[in-house]
Amino acid sequence: MALTEHIKMICKIIKDIVPAFTSGIVTVSIISCVLFAIQTCLSLKQGIFSIGASVFQNGHLYCILMFPFYHRTFAQLLLNITTLVFLSGSLEKGVGTVRFLFLFLLLSSIIGLFYSFMDLLQEDGFQGHTEGLVPVTLASVAITTMHTKMTKAFLCGVSFPTMALPWVFLVITTALVPYCVLPCNVIAILVGVMYGKGWVSFLDMSEAKAGVLEKLLPFRLFRTISGDMFIPASSEDRKKTLLPQINPTPGSYPVQAYAPLPTANTAAMTYEGWPHQASPTPPLSLHGHVAGHSSGHFSPQSFDHSSVDCYRHCVGTSTIASPSSQQQSECTM
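Here's what I pulled together on the structure shown here. These figures come from a predicted structure and were not determined experimentally. All residue numbers refer to positions counted from 1 along the written sequence of the respective chain. Reporting in this predicted model follows two pLDDT cut-offs: at least 70 for local features of residues, and 80 or more for side-chain atom pairs to be given and counted; totals over whole chains, interfaces and linings ignore these cut-offs and use all residues. With hydrogens and water set aside, each side-chain value is computed from the structure's full complement of heavy atoms.

**So, the pairing of strand 1 (residues 152-155)**
Move 1: Two strands make a pair as long as DSSP finds a minimum of two bridges between them. Counting from the N terminus, the helices are DSSP H or I runs at least four residues long and the strands are E runs at least two residues long. Of the pairings in the sheet, the one linking strand 1 to strand 2 (residues 158-161) comprises four bridges and is antiparallel in character. When the sheet's bridge partners are listed, Lys-152 is paired in strand 2 with Pro-161.
Move 2: Hairpin remark: strand 1 followed by strand 2, antiparallel, with two residues in the connecting loop; positive phi at Cys-156, about 60°.

Following this line, the structure appears as structure tokens:
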């Protein structure tokens, strides 16, 4: 029993830490794994889909779209997919699966072109060819930070400005993920900032176009297969998907049974949570005097709970009695 409880606790912790998988991230991860399997089985040349000066020198323009999915080693593949899952989920949840896949290809193209052009201008080149999901992931983080309303971010208990978040992940990913080239990652963050500021908005896909694409056959089938992992393009549909409406069952919340609702015949007022009748005549005490002062002035501070109980009893007995009864001297419990 103790071992089972420990396993359940570990599974719960992992579930809380690992973000929810979405269709776009799963699709990119599957393509990367399939390409790595093909490369391993066919023993393809190392760096066949990497980007650098060779993109323009040898005319390998297809590498601009292929380099995010290409990985040289299994460790690089695993670390890149982990980085994508943890850092790009918020972007897909904010724009939808269709727009996320479009943005992924758009960002990879811009980053590949910029880095290959800068590598071509250098005499000795940069640190070498690069590939993997990290550059596009860092661009996604930069886009997210440009559109968020949060001014502070927390990482491992350390607080820093939200705009510095991509640069923090730049240092971490460049140090931990193999075959990461620092200039390419810097260019990726700058591309994400440019997109976040709207400088390349003419290349963006609108929400209406993405909604139309969702109804076409490939994406419609993809949405049916993915189920809840598919994030719709419409903002209203995203709210329904990510923030489902909660309908609590009756009796789920405690109610205050001691506070009766006011009736149409009685104008109810409350004092310290207790209702009393709003009338110019102040309530009577146990001895027929005005509560609080004998001079006839009413003081709310002297209106205690015992007077309320007596007053309720008096009002109840007076309404039940006949109009001809004139006895209103005292109330006995």
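**Things to note about a nonpolar patch on the surface**
Move 1: Only residues whose relative accessible area exceeds 30% and that form no salt bridge enter a patch; like-charged residues are grouped when within 9 Å of one another, and nonpolar side chains (Val, Leu, Ile, Met, Phe, Trp, Tyr) when within 5 Å. The accessible surface values rely on the Shrake-Rupley method and a 1.4 Å probe; as for residues, cover is taken only from the protein chains in view. By salt bridge we mean one thing: a side-chain nitrogen of Lys or Arg within 4 Å of a carboxyl oxygen of Asp or Glu. Taken together, the side chains of Phe-56, Leu-61, Leu-113, Phe-114, Phe-117, Met-118, Leu-120 and Leu-121 make up a nonpolar region of the molecular surface, amounting to roughly 700 Å² of accessible area.
Move 2: The dominant element in the nonpolar patch, judged by the number of residues it contributes, is helix 7 (residues 97-121), at six residues.
Move 3: Relative to the assigned elements, Phe-56 resides in helix 3 (residues 54-57).
Move 4: Relative accessibility thresholds used throughout: buried, under 20% of the residue-type maximum; exposed, over 50%; partly exposed, between the two (1.4 Å probe, protein chains only). Assessed through its relative accessible area of 35%, Phe-56 is described here as partly exposed.

**Brief notes about helix 9 (residues 165-176)**
Move 1: In this model, helix 9 (12 residues) spans 17 Å end to end at C-alpha, consistent with the 16 Å of a helix rising 1.5 Å per residue.
Move 2: Buried within helix 9 are the following residues: Leu-165, Pro-166, Phe-169, Leu-170 and Thr-173. Taken end-on, helix 9 shows its buried residues confined to a sector of 140°, consistent with a single buried face. Projecting away from the buried face of helix 9 at angles above 90 degrees are the exposed residues Val-171 and Ala-175. Each helix should span, by expectation, one fewer than its residue count multiplied by 1.5 Å. Of all possible arcs, the one meant is that of the directions from the helix axis to the C-beta atoms.

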